[in-house]
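# Report on the structure
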Amino acid sequence: MAGGFPQGGDGGGRTADGVGIRTFPFPVERSVCGVGMQIAPMDPDRTWRADAPLDRVHRIDFHIVMLLDGGPLRHMIDFTEYEATAGDVLWIRPGQVHRFSRDAEYRGTVLAMQPGFLPRATVEATGLYRYDLPPLMRPGPARLAALRAASDQLRREYEDTETLPLSLHTAVLRHTLTAFLLRLAHLAAGSGDSARPVEDSVFTLFREAVERDFATNHSVTAYADALGYSRRTLARVVRAAGGETPKAFIDRRVVLEAKRLLAHTDLPIGRVGAAVGFPDAANFSKFFQQHTDTAPAAFRAEHR
């Protein structure tokens, strides 16, 4: 497989004992000056790590944006096979389960961002955790040219370690990265997206809390109390942002994780349920079937 991005970790796909999905951490040690981002070319002369079989299912705990110069290729992200080619953009967010194509040549530029590298205001403005948005984008000629120019500028700043002290170098990188991501976010969400800043901030806090605690907390009241908002306010904000109730948002995240574990690990169904907050296997099976119209065992069989 051809590529050019240095991954962290020591493997991919199922772990040796089948108990989980391998997660690659952000490889800070491979970043220029140890900053919380990387940008590099992908081409046949730069290969994926031999000890990281990325053509097997795995997760990452950071963002990857691939601006492709080659293709076509197929890239699986959370049960969907995306067909991408030159000029397309793939945005994989932390925690998403994905798989690279074994035989495809990944040509272009790849950007990685560590969670926490950008301030909260930038995270909200750029939609870094908009998991509802599609990972695959196809910019038109003008937007593609602007993205490439912004990417090239970001790479120049990333590689320039001579002209500024580290603190200023990092600050310039954050600003340059923000400019690139704002263009990308506009492409991903469309120009008609006009969420109010306060509500967007509340929704961001809720989404982060669910991502952190969904395996142990399924209660809307508990999330509202922890965030300091009423159930009514939380319901209004979540519906405005995604057109669903807070409970539906929580349940959808739980179902997604259950699907990932059923499809990509050898965990017994009871342990899958326990991993997403259902210590009783029967309750988990009932919950899963209510939300998918499929029993856990049937879903696993379908995706093996």
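What counts, and at which threshold
- Residues numbered from 1 in each chain as written.
- Predicted model: local features only at pLDDT ≥ 70, side-chain atom pairs only at ≥ 80, totals over all residues.
- Heavy atoms only, no water.
- Helix = DSSP H or I, 4+ residues; strand = E, 2+ residues; numbered from the N terminus.
- Buried < 20%, exposed > 50% of the residue type's maximum accessible area, 1.4 Å probe, protein only.
- Contact = heavy atoms within 4.5 Å.
- Areas by Shrake-Rupley, 256 points an atom, 1.4 Å probe, with all protein chains shown as cover.
- Pairing = 2+ DSSP bridges.
- Axes fitted to C-alpha atoms, helices over the stretch in contact; angles between N-to-C directions.
- Expected span 1.5 Å × (residues − 1).
- Arc of directions from axis to C-beta.
- Polar contact = N/O pair within 3.5 Å; in protein donor to acceptor, adjacent residues only side chain to side chain.
- Salt bridge = Lys/Arg side-chain N within 4 Å of Asp/Glu carboxyl O.
- pLDDT = per-residue confidence, 0-100.

## Some words on the overall build of the protein
- Within the protein, the regular secondary structure consists of ten helices and eleven strands.
- Counting every position in the protein, which comprises 304 residues, the buried fraction comes to 49%.
- Excluding contacts between residues fewer than 6 apart, the proportion of contacts in the protein whose partners are at least 24 apart in sequence is 74%.
- When the accessible surface of the protein is split by element, carbon and sulfur atoms take 51% of a total near 13900 Å².

## Focus on the sheet that holds strand β6 (residues 73-77)
- One open sheet holds the five strands; their spatial order is β2-β4-β9-β6-β7, and the pairing between them is mixed. On the outer flanks of this sheet lie β2 (23-24) and β7 (80-84), each paired with one strand and no other.
- Judged from the two bridges that link them, strand β4 (residues 58-60) and strand β9 (residues 97-99) form a sheet pairing that is antiparallel. The residue of β9 that forms the bridge with H58 is H98.
- Where helix α7 (residues 246-264) meets the sheet, it contacts β4, β6 and β9, and its direction lies at approximately 140° from that of β4.

## Focus: helix α9 (residues 281-292)
- Its twelve residues give α9 an end-to-end C-alpha distance of 16 Å, which sits within 8% of 16 Å, the value for a rise of 1.5 Å per residue.
- Residues of α9 that are buried: F284, F287, F288 and T292. All buried residues of α9 lie within an arc of 110° about the axis, which places them on one face of the element. Structural note: α9 exposes A282, K286 and Q290 on the side pointing more than 90 degrees away from its buried face.
- Where α9 is buried, its residues meet α7, α8 (269-275) and α10 (296-302).
- Measuring from the backbone nitrogen of A282 back to the side-chain oxygen at the start of α9 gives 3.1 Å, which picks out D280 as the cap.
- One or two positions beyond α9, positive phi appears at D293, with a value near 60°.

## Comments concerning the pattern of salt bridges
- Scanning the entire structure with this criterion turns up 18 salt bridges.
- For E81, the salt bridge identified is with R99, shortest N-O distance 3.0 Å. Of this pair, E81 sits in strand β7 while R99 sits in strand β9, and the two are 18 residues apart along the sequence.
- Accessibility expressed as a relative area gives 34% for E81, which makes it partly exposed.
- In this structure, the salt-bridge partner of E159 is R155, at a minimum N-O distance of 2.9 Å. On the criterion of helical spacing, the pair formed by E159 and R155 is a turn pair, its members being four residues apart in helix α2 (residues 141-159).
- Here the salt bridges share partners, and the residues they tie into one network are R59, D78, E211, R253, E257 and R260.

## Section: the side chain of T204
- Positionally, T204 belongs in helix α4 (residues 197-213).
- Discounting chain neighbours no more than four positions away, the residues touching T204 are R120 and E124.

## So, the pairing of β7
- By the bridge criterion, five bridges tie β6 to β7 in an arrangement that is antiparallel. The residue bridging I77 from the neighbouring strand is T80, located in β7.
- Where β6 folds back on β7, the antiparallel hairpin that results is connected by two residues, among which D78 adopts a positive phi of roughly 45°.

## Looking at the confidence of the model for the protein
- Model confidence for the protein is summarised by a mean pLDDT of 86, while 86% of its residues fall at 70 or above.
- Per-element averaging of pLDDT across the protein places strand β1 (residues 2-3) at the bottom with 41 and α9 at the top with 97.
- In this model, residues 1-18 is a region of pLDDT below 50 whose contacts with residues beyond four sequence positions or in other chains number 83 contacts.
- Considering only residues more than four positions removed or in separate chains, one finds that residues 191-198, a stretch of pLDDT under 50, has three contacts.

## Considering unusual backbone geometry
- For the bond running from G71 to P72, omega is 0°, close enough to zero to count as cis.
- Although it is not a glycine, C33 sits at a positive phi angle of roughly 65°.
- Of note, C33 is situated in the loop between β2 and β3 (37-47).
- A positive phi angle is found at F79, which is not glycine, with a value near 75°.
- Inspection of the secondary structure assignment puts F79 in the loop between β6 and β7.

## So, the environment of E124
- With respect to the secondary-structure elements, E124 resides in helix α1 (residues 120-126).
- A residue is classified by how much of its surface remains accessible, and E124, at 18% relative accessible area, is buried.
- Considering only alpha carbons, one finds E124 and T204, 80 residues apart in sequence, at a separation of 7.0 Å.

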